[in-house]
Amino acid sequence: MVLIGGATGVGKSTLATQLATRLGIVRVVATDAIREVMRALFSHELMPTLHASSFEAGSVLREPPSKDEVVVGFREQTAAVAVGVQALVERAAMEGTHLIIEGAHVVPGFLDLEPWRERILAVPVVVTIEEDELHRSHFAARASEHTGRPSQRYLDRFDDIRRVQRYIKSQALSHGVPVIANYSFDRALAAIIDLVMERATERTSQARISGDSRSERERASGSPPASVPAIEGGRT
């Protein structure tokens, strides 16, 4: 399971799609799709932040906060969407399905992956674009590919989008989640693939060491060796 977080316009969706192709994963879920489902269940009056974009959620808060309303609104929206993301993670863990989740709401500290650590290999990563102008250019490129996404709307709130990115990055750094700067699409994709392969290799090595230790204990005690459950290397 690969979880790709990052602010609007950093290339999460494109990276997730290409990553799925390279790794042979057929299920890619965007957290915006989860938010859309939740919007159908909860009215604007009940949960207003669900009905705004991630970088605009602060503008619909019932009570304007004393601190940064952009981050406060984003946190409130992320906490709500994380409930749906968590349910998706749990189902994938129980079914043993391969999955990529991408979106602004994949924020370190809002999901609890520990209960499923033995059943899934979860690889979280945060994607950023450090240079302002490069980040701006992504919105123009996206507008040319998707007529329903006019770039001006995002450029008008560009400072807020950058503020959200700084918050997501700070969460990643404080929780030990890798941050990959998307200066080059090919390099960013290669970095994520390398990270997934590294984590998979670590898991396999840990399983082998655990199995060897168990066999040694059984030989020392004179007990017949017990079979060691195989780790499904492809389960992510």
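What counts and how
- Residues numbered from 1 in each chain as written.
- Predicted model: local features only at pLDDT ≥ 70, side-chain atom pairs only at ≥ 80, totals over all residues.
- Heavy atoms only, no water.
- Salt bridge = Lys/Arg side-chain N within 4 Å of Asp/Glu carboxyl O.
- Buried < 20%, exposed > 50% of the residue type's maximum accessible area, 1.4 Å probe, protein only.
- Helix = DSSP H or I, 4+ residues; strand = E, 2+ residues; numbered from the N terminus.
- Axes fitted to C-alpha atoms, helices over the stretch in contact; angles between N-to-C directions.
- Parallel < 35°, antiparallel > 145°, perpendicular 65-115°, else oblique.
- Contact = heavy atoms within 4.5 Å.
- Nonpolar A, V, L, I, M, F, W, Y, C, P; charged D, E, K, R; others polar.
- Pairing = 2+ DSSP bridges.
- Polar contact = N/O pair within 3.5 Å; in protein donor to acceptor, adjacent residues only side chain to side chain.
- Core = buried A, V, L, I, M, F, W, Y, C linked by side-chain atoms within 4.5 Å.

1. A look at the pattern of salt bridges
For side chains of opposite charge, pairing can occur when their charged atoms come near one another. Enumeration over the complete set of coordinates arrives at 13 salt bridges. The partner of Glu118 in a salt bridge is Arg117, with the nearest N and O atoms 3.4 Å apart. With relative accessibility at 62%, the residue Glu118 sits in the exposed group. For Arg162, the salt bridge is made with Asp132, and the minimal N-O distance between the two is 2.8 Å. A residue pair is termed long-range when its members are at least 10 positions apart, and Arg162 in helix 6 (residues 158–174) and Asp132 in helix 4 (residues 132–145) qualify at 30 residues. Given the relative accessible area of 9%, Arg162 is considered buried. Given a relative accessible area of 40%, Asp132 falls into the partly exposed group.

2. Concerning the packing of helix 2 (residues 31–41) against helix 3 (residues 69–95)
Two quantities define a packed helix pair, namely the angle between the helix axes and the distance between the axes. Contact geometry for helix 2 and helix 3: axes closest at 9 Å, N-to-C directions at 105 degrees. The pairing of helix 2 with helix 3 is recorded here as roughly perpendicular in orientation. For the pair helix 2 and helix 3, contact is made by Thr31, Ile34, Arg35 and Met38 and by Gln77, Ala80, Val81, Gly84, Val85 and Leu88, respectively. Residues that form the contact of helix 2 with helix 3 fall into these classes: six nonpolar, three polar and one charged.

3. Describing the pairing of strand 1 (residues 2–5)
Side chains on a regular strand alternate between the two faces of the sheet. Neither face of strand 1 is exposed, since Val2 and Ile4 on one face and Leu3 and Gly5 on the opposite face are all buried. Two elements, strand 1 and strand 3 (residues 100–103), share four bridges in a ladder whose sense is parallel. The partner of Ile4 across the bridge, within strand 3, is Glu102. Where strand 1 lies against strand 4 (residues 123–128), four bridges are found, and the strand directions are parallel. What sits directly across from Gly5, in strand 4, is Val126.

4. Let's talk about the side chain of Thr31
Looking at where Thr31 falls in the secondary structure, it is placed in helix 2. For Thr31, a relative accessible area of 1% gives the class buried. There is a polar contact of 2.8 Å between the side chain of Thr31 and the side chain of His105. Aside from chain neighbours lying at most four places away, what touches Thr31 is Val81, Val85, Ile101, Glu102, Gly103, Ala104, His105 and Val106.

5. Side note on the nonpolar core
Core analysis: the largest hydrophobic core is formed by 39 residues, its most contacted members being Leu3 and Ile101. Those elements that provide at least two residues to this core are helix 2, helix 3 and helix 6. The leading source of residues in this core is helix 3, at 11 residues. Ignoring anything within four residues of it in the chain, the contact list for Ile101 reads Val2, Leu3, Ile4, Val29, Thr31, Val85, Leu88, Val89 and Val106.

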